[in-house]
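Residues per chain, in single letters:
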Amino acid sequence: MRYLGKALPRKEDLRLITGNGRYLADIESKNALHMAVLRSPHAHARIVKIDLTKAKQFPEVIAAVSFEQLGAMGKKLPMLVPHPALRSETPYPLAKDKVNYVGEPVAVVVATSRYIAEDALELIDIEYDALPVVGNPEDALKADAPLLHMEVGSNTAAMIIEKTGDAQSAFANADVVIRSKFRIGRCSVQPMESRGVLAIPDTLGNLTIWDSTQSVHTIRRLIVGFLGLEEQQVRLIAPDVGGGFGAKNRLYPEEILVPWLALQLGRPVKWVGDRMEDLMASYQERDQWHEAEMALTKDGKILAVRDHFLADNGAYTPFGIVVPYTTAITIPGPYKVPNFYAQMTCVYTNKTPVAPYRGAGRPQGVFVIERLLDLAAEQLGLDKAEIRLRNLIHTKEMPYDTGLFSRDGRKMIYHSGDYPQAFQQALDMIDYNEFQKLKEDYRKEGRYLGIGLANYIEMAGLGPFEGAKVKVDPVTGKVTVSTGAGSQGQGHETTLAQVCAERLGVSFDDVKVVGGDTGAIEYGVGTWASRVAVAGGNAVSGAALKVRDKALKLGGLVLQADPMDLDIVEGMIQVKNDPDRNVSLQKIAMISVDPSRSTQRHLPEGSHLPDDFQPGLEESFYYYPSALTFANGTHAAIVEVDPSTAAIKVHRYIVVDDCGKVLNPMIVKGQVIGGVAQGLGNAIYEEMIHDNNGQVLTATYMDYMIPTSMEVPDIQLGHMESPDPNNPEGVKGCGEGGVVPVPAVINSAIDDALSSFGIYTTETPVSPFKLWKLLKKTKGEEKTDGN
Amino acid sequence: MTQNNLNNITVTVNGKEHSLSVEPRMLLSDVLRDELGLTGTHVGCEHGICGACTVMMDERPVRSCLVFGVQANQAKILTVEGLSNADGTLHPLQEAFREKHGLQCGFCTPGFLISACHFLEENPHPSREEIREGISGNLCRCTGYQNIVDAVEMAAEMLSKDKISETDQCTVQAEHPAGI
Ligand code: FES
Ligand code: FES
């Protein structure tokens, strides 16, 4: 292997460290107009009247639009992931009659500058009639609850059951049953670049749309469908994207409004969301309320898990039930759970809609089972590591069929990995056996240390497919890889180039990767759910091998050798035993497109290109994963809590992850550590808070706490590598594992630190403030039997 | 509402002097990005928390989203575009960020580079803890900071080996052709 598995520095970095990156806001468009959005200040209200007259009276204001002016565009946004059990509601591009969450777009103004567009928003005369607010899912389901969507007839969007085995009889026959309620708070995604769209029309009604999205092909398809255009009329490009993490992976109203206005006005229109808009109106996640129970034997074997949970979905279901569904099937994780029952109810409330955020339902599932295991261990007098070891699936039990199905209907079967080994490695790294002594030493100084553990499975490699086009330039010999999956910082320009260089046999320096441009490749799916290494990596590999095959065939003709005897090394096709007999890929590419002149020079006399030959060294390959991949790992942390202030400090954080074959270890490490940092935000600091009227109290970074370099400790990584047997490159995906188990680990460690106070935390984030309130309840007193 | 009250200002950005007229309410970040086309300085929050918009102004780091363009009249500004040498050689911090994988999406990176540059000038031999504190005014959502700390550590070492040419990088005075 020349390139795969190597920590090669990233190709994308040079432009990004010199200020030459081009993010959405940086894209210049001469005479672009700027759109600003008037957003609802109410969580639930009827719109009585909107008067745009005053806003329109200035010459710099080119248009002001509310629902009424939308005309044929006044229809609901398309639903992305339908499900038969889902009573789906999606928003209109601008609110019709009624607003359902704070931040919902109500009107837009287009002006010659953003400053003026924002001024004009203030002049829109709008009258609301406030309605009673549905603030949480428990209230939403009460008989007399106000309804968000009359057409749905209730606030229940979907109720679904996922199960395997017979949980009921397992519970009836169990030695021990434990139960707990859990509350997982609502987080905002917060990529550092907020969302934005720029649409540039030509005079024929075609559009170039620049969009900070994770899925260019999908979004184009949705936009053209909505606007009644044809696909080839629109080229959609995601430039450098400043982080996505799921927030930029679906169709938002602004992505309809901007292109529509550009067509209407015949001028480029640009919208760049600001931070407050992003905190209020970019889709959010987590937010679930669980009532879970676990049945065990007296020696700590799990017999069954049962969970009823409510998913607070917010005001619309733009991404279906993906989040709660993923939670349900994630709960068993790497453990043997022979009987399982999960009932999820997805509920409409007057909050920003929920859609997948990094981890996408998985952190909630892991939180539930890991917290139950901690509770069970305590009840049974077992060590918390021991109870986990007793239940982990062993390699010899693989392939292990969980009995559950993924959201795309595939069986959840684990094929490879050594879960007990990963767990053991983490225990060793964190000196688990020495910890009690450390804890006691600290206690003598009046300090409270606790240890937390959690295991996880990262289901990845979701389809349906990803594509790649590999092309050798006939003039320069350089190679371009085009893929539908753009990057939001994951480093695809580097990892996918490594795959191509390796498989085709060219220099890494000669490969350029183009992603996130519908003009570069016909079909694509996008970058989400840790799917690019699996679906995209194997697509690049497939396309590179096709080019290689073709090049060897023609190379054989030119070199008068059997293609089987040829090899490609750093861009040269050469005879294996006689490398001096060679021809460059560039020359082969040239011969293939310009045979009239080239063949006479290069093809041996009397020979010609085969009749079915196609021009160019250019091949596309679309890879449809045949099975899901399951990465796995263990996290462990040592946390100190000061019971007098409830301050939480993470002393050590250990991750052992196994994401199958690693394309670039430096990039995997970056993904994992970045994930843990977001997980620590979710676990301790970040929560969207609403008052009783559904008003957002965390609409700035003064209130919504993103962890800084002071809160995230150095993270130690251990590593394992068990290739995935079902895809040619053996990869599994690593984008989400870092974030998934963190809340479970932190709560576990906090409980351990405060065990003498009898604290068992059931909420995440467990902010210092919440912990302080809990400690106050115990009156800050240690139990006398504590140790 | 109309663009009246334009004020004439002169700013020296990355060693090059610019005279322009701006509305008094226009933020320095917008002056740099929209009027001068220097889009390397990013706007992440517009309320002074994220640090993405950090630039050097008269030898001090400022959040350009909290400074009005008119306040920068007569000031000397350094943005990320002016950080590397005029001949294109990267600043040690830029080298180190690339080497240590100190960036993912890169959106926060210009702000980190400028903050770190100033920090290393004040504290050329920092401990890891001091680095963490030194960059704590900048948010990054992608990297988890660890690699950024590694990068600043590495840059400190590179700079201490090569004191003469690099220490005044944060206060470049000479005209900087790479800047525009
Ligand atoms: S944009 Fe200035 S501090 Fe965030
Ligand atoms: S690299 Fe993306 S925000 Fe820092």
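Residues numbered from 1 in each chain as written. Chains lettered and ligands numbered in written order. Predicted model: local features only at pLDDT ≥ 70, side-chain atom pairs only at ≥ 80, totals over all residues. Heavy atoms only, no water.

Enquirer: Summarise the overall build of chain B; cite the residues concerned and give the values.
Expert: Looking only at helices and strands, one finds 6 helices and 5 strands in chain B. Going from the N terminus to the C terminus, chain B shows its helices and strands as β-β-α-β-β-β-α-α-α-α-α. Across the 180 residues of chain B, 59% fall into the buried class. When the accessible surface of chain B is split by element, carbon and sulfur atoms take 45% of a total near 6900 Å². (Helix = DSSP H or I, 4+ residues; strand = E, 2+ residues; numbered from the N terminus. Buried < 20%, exposed > 50% of the residue type's maximum accessible area, 1.4 Å probe, protein only. Areas by Shrake-Rupley, 256 points an atom, 1.4 Å probe, with all protein chains shown as cover.)

Enquirer: Can you explain the overall build of chain A? Please cite residues and give values.
Expert: Assigned secondary structure in chain A consists of 19 helices and 29 strands. By the compact-globule yardstick of 28 Å for 787 residues, chain A fits well, its C-alpha radius of gyration being 28 Å. Going through the 787 residues of chain A one by one, you find that 64% of them count as buried. Just so you have it, chain A exposes about 28000 Å², and 51% of that area is on carbon and sulfur atoms. With 80 positive and 98 negative side-chain charges, chain A shows a spacing of 1 Å between the two charge centroids. (Rg over C-alpha atoms; globule rule 2.2 N^0.38 Å. Lys, Arg positive; Asp, Glu negative; His and termini not counted. Charge placed at Lys NZ, Arg CZ, Asp CG, Glu CD.)

Enquirer: Describe in detail helix α5 (residues 146-161) of chain B, supporting the description with residues and values.
Expert: Taking 1.5 Å of rise per residue, the 16 residues of α5 of chain B would be expected to cover 22 Å, and the 23 Å separating its terminal C-alpha atoms lies within 8% of that figure. Every buried residue of α5 of chain B is listed here: Gln146, Asn147, Ile148, Val149, Asp150, Ala151, Val152, Ala155, Ala156 and Leu159 of chain B. (Expected span 1.5 Å × (residues − 1).)

Enquirer: Describe the pattern of salt bridges, and please don't skip the residues or the numbers.
Expert: All names here are of chain A. This model, assessed by the stated rule, comprises 59 salt bridges over all chains. One salt bridge in this structure joins Arg235 and Asp517, with 2.6 Å as the shortest N-O distance. Placement of the pair is Arg235 in strand β11 (residues 234-237) and Asp517 in the loop between β21 (511-515) and α14 (532-559), with a sequence separation of 282 residues. One salt bridge in this structure joins Glu293 and Arg306, with 2.8 Å as the shortest N-O distance. Residue Glu293 is located in strand β13 (residues 285-296), and its partner Arg306 is located in strand β14 (residues 302-312); the two are separated by 13 residues in the primary sequence. Assessed through its relative accessible area of 11%, Glu293 is described here as buried. Among the ionic contacts, a cluster of salt bridges with common partners joins Arg39, Arg114, Glu118, Arg195, Glu254, Asp274 and Glu277. (Salt bridge = Lys/Arg side-chain N within 4 Å of Asp/Glu carboxyl O.)

Enquirer: An account of the pairing of strand β26 (residues 629-642) of chain A is requested, with residue identities and associated values reported.
Expert: All names here are of chain A. For β26, a buried count of 13 out of 14 residues is recorded, marking the element as mostly surrounded by other parts of the structure. Sheet analysis places strand β18 (residues 448-460) next to β26, joined by 13 bridges and oriented antiparallel. By the bridge assignment, Gly452 is partnered in β26 with Ala637. As judged from the 11 bridges shared by β26 and strand β27 (residues 647-658), these two strands associate in the antiparallel manner. Counterpart to Glu640 in the pairing with β27 is Lys649. Two successive antiparallel strands, β26 and β27, enclose a turn made up of 4 residues, where Ala646 displays a positive phi of approximately 65°. (Pairing = 2+ DSSP bridges.)

Enquirer: Talk me through the interface of chain B and chain A; I want residue IDs and the actual numbers.
Expert: With 47 residues of chain B at the contact, the number on the chain A side is 55 residues. Our count for the contact surface shared by chain B and chain A stands at 5 salt bridges. Across the salt bridge formed by Asp26 of chain A and Arg33 of chain B, the nearest N and O atoms sit 2.8 Å from each other. Inspection of the region where chain B meets chain A yields 28 residue pairs in polar contact (both at pLDDT 80 or more). (Contact = heavy atoms within 4.5 Å. Polar contact = N/O pair within 3.5 Å; in protein donor to acceptor, adjacent residues only side chain to side chain.)

Enquirer: Provide a residue-level description of the packing of helix α13 (residues 492-505) of chain A against α14 of chain A, including the pertinent values.
Expert: Residue and element names in this part refer to chain A. Running from N to C, α13 and α14 cross one another at 35°; their axes reach a closest spacing of 8 Å. Handedness of the crossing formed by α13 with α14: right-handed. Taking contact as the criterion, the partners of His492, Leu496, Val499, Cys500, Arg503, Leu504 and Gly505 in α13 are, on α14, Val532, Gly536, Gly537, Val540, Ser541, Ala544, Leu545, Val547 and Arg548. When grouped by side-chain class, the residues that make up the contact of α13 with α14 number 9 nonpolar, 5 polar and 2 charged. (Axes fitted to C-alpha atoms, helices over the stretch in contact; angles between N-to-C directions. Left-handed = near helix turned anticlockwise from the far one by under 90°. Nonpolar A, V, L, I, M, F, W, Y, C, P; charged D, E, K, R; others polar.)

Enquirer: Summarise the sheet that holds strand β24 (residues 578-584) of chain A; cite the residues concerned and give the values.
Expert: Residue and element names in this part refer to chain A. One open sheet holds the 3 strands; their spatial order is β22-β23-β24, and the pairing between them is antiparallel. Both outer strands of the open sheet, β22 (566-569) and β24, are each paired with one neighbouring strand and no more. On average, adjacent strands in this sheet sit at an angle of 35° to one another, irrespective of strand direction. Strands in contact with α14 are β22, β23 (572-575) and β24; relative to β22, the strand with the most contacts, it is inclined by about 115°. Contacts from helix α15 (residues 585-593) reach β22, β23 and β24 within the one sheet, and its direction differs from that of β24 by about 45°.

Enquirer: Outline the environment of Pro743 of chain A, supporting the account with residue identities and numerical values.
Expert: All names here are of chain A. Position of Pro743 among the secondary structure elements: in helix α18 (residues 742-753). For the pair Pro743 and Pro334, spaced 409 residues apart in sequence, the C-alpha separation works out to 17 Å. If we ignore the near neighbours within four places in the chain, the residues touching Pro743 are Phe367, Gly679, Asn682, Ala683 and Thr764.

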